[in-house]
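Chain by chain, the residues run as shown.
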Amino acid sequence: MSSPNRQSAVTVLGLGPMGRSLAGAFLDAGLRTTVWNRTPGRDRELVARGAVSAGSAEEAVAASSVTVVCVVNYDAVDAVLRREAVADALKGRTVINLTADTPDRARDAGAWAAEHGIRYLDGAIMTPTTTIGTPAAVFLHSGPEDLYRAHLPVLEALGGSHTHLGEEIGRAAAYDIALLDIFWTAMAGYAHALAVARAEGITARELAPFAKGIGEILPPIFEETAEEADSGTYSGDGNPITSAVSSMAHIVHTSEAHGIDAGVMRAAEGLARRAIGLGHGSDGFTRIAELLGRR
């Protein structure tokens, strides 16, 4: 195992699939990169490509002015960074945390960093490992803008687009949660659709091109309803909630006739019927966003 013997451009903590992709992109861009992982052995391929293997987390963060962290969650971040030796080594340096977690955890991490004299940026990676280092990668960042600008040349080595969302430290995580909400509820809907289709003798391959067509309908709907959601006016022209409830009921009936759990659709139908009961039957479906936020 080699030790850092001169200043690296960047340190990467965490060598899971995403961490290895990040470190690999830095190496491909010609940046001297120090790496460390709690589980030994994951850095072998990176070291063979020119990475510097650190013997400890404190040695790793001391090797560079900027440390990129990408681990499973903020519990793992805390377990690494909040040890006294690591925190001391980070003083006066920058941490860019690309670990996924909640906005509150990001704010807590930012406050801890400030208390320990550590400069801190939070971020979110919105695309898979295969996109890292390519134009398809998407990164979101929040925190002090001058700090973001100072380290943008290093971040750009990761490829793709980088967007600074504001100085409020939890903002990138908030975007991440909202966007993953769209993704996972859509994937749950797709999985349910596959089950219903299979029960009706339709294969996934047969359904796929039409499912893709449904997906392509969504971006214009997002654009059209954004202003309505911000202003609190929800046009139901062409597809009011009363119409939506009718199609939802058909899905529930068909699912349960085949013995397929329709709990997710029943929940959506229940929200829609609640909106109708409150006098919003002629509004568009996104009216339920207001109902969800009510205590």
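Higher on the page you've got the structure.
Residues numbered from 1 in each chain as written. Predicted model: local features only at pLDDT ≥ 70, side-chain atom pairs only at ≥ 80, totals over all residues. Heavy atoms only, no water.

A. The arrangement of the nonpolar core in detail. If you look at the biggest cluster of nonpolar residues, it comprises 29 residues, and the most contacted ones within it are Leu22, Phe26, Leu98, Ile125, Ile132, Phe139 and Leu158. The set of elements that each furnish at least two residues to this core consists of strand E1 (10-13), helix H1 (17-28), strand E4 (66-69), strand E6 (119-125) and helix H7 (145-155). Counting residues per element, this core draws most heavily on H1, which supplies six residues. Listed in part, the 24 residues of the second largest apolar core include Leu13, Ala57, Leu90 and Ala173. (Core = buried A, V, L, I, M, F, W, Y, C linked by side-chain atoms within 4.5 Å. Buried < 20%, exposed > 50% of the residue type's maximum accessible area, 1.4 Å probe, protein only. Helix = DSSP H or I, 4+ residues; strand = E, 2+ residues; numbered from the N terminus.)

B. Quick look at the sheet that holds strand E2 (residues 33-36). With respect to topology, eight strands assemble into an open sheet ordered E3-E2-E1-E4-E5-E6-E7-E8, the strand pairing being mixed. Looking at which strands have only one partner, the edges of the open sheet turn out to be strand E3 (52-53) and strand E8 (161-164). Examined bridge by bridge, E2 and E3 share two bridges and lie parallel to one another. Its bridge partner lying in E3, valine 35 is registered against serine 53. Each of E1, E2, E4, strand E5 (94-97) and E6 is contacted by helix H4 (residues 74-81), which is oriented at about 160° to E5, the strand it contacts most. (Pairing = 2+ DSSP bridges. Contact = heavy atoms within 4.5 Å. Axes fitted to C-alpha atoms, helices over the stretch in contact; angles between N-to-C directions.)

C. How the structure looks around the pattern of salt bridges. Applying the stated rule across the entire model yields 13 salt bridges. The residue aspartate 108 makes a salt bridge to arginine 82 at a minimum N-O spacing of 2.8 Å. Here aspartate 108 is found in helix H6 (residues 103-115), whereas its partner arginine 82 is found in the loop between H4 and helix H5 (84-90), with 26 residues between them in sequence. With relative accessibility at 37%, the residue aspartate 108 sits in the partly exposed group. For glutamate 290, the salt bridge is made with arginine 287, and the minimal N-O distance between the two is 2.9 Å. When its relative accessible area of 11% is taken as the criterion, arginine 287 is described as buried. Via salt bridges that share partners, Asp75, Asp78, Arg82, Arg105 and Asp108 belong to a single interconnected network. (Salt bridge = Lys/Arg side-chain N within 4 Å of Asp/Glu carboxyl O.)

D. Region of the structure containing H4. Of all the positions in H4, only Tyr74, Ala76, Val77, Val80 and Leu81 are classed as buried. Looking down the long axis of H4, one finds its buried residues gathered within 150° of arc, a one-sided arrangement. The N-terminus of H4 is capped by asparagine 73, whose side-chain oxygen sits 3.1 Å from the backbone nitrogen of aspartate 75. (Arc of directions from axis to C-beta. Polar contact = N/O pair within 3.5 Å; in protein donor to acceptor, adjacent residues only side chain to side chain.)

E. Inspection of the layout of surface pockets at higher detail. The space that makes up the second largest pocket amounts to roughly 620 Å³. Contributions of two or more residues to the lining of the second largest pocket are made by H1, H4, E6 and helix H8 (171-199). It is H8 that provides the largest number of residues to the lining of the second largest pocket, a total of five residues. Of the residues that constitute the lining of the second largest pocket, the class distribution is 21 nonpolar, eight polar and three charged. (1 Å grid on protein atoms, 1.4 Å probe; cavity = no way out; pocket = protein on both sides within 12 Å on 5 of 7 lines; lining within 4 Å. Points joined across faces, edges and corners; volume = space filled by probe spheres on them. Nonpolar A, V, L, I, M, F, W, Y, C, P; charged D, E, K, R; others polar.)

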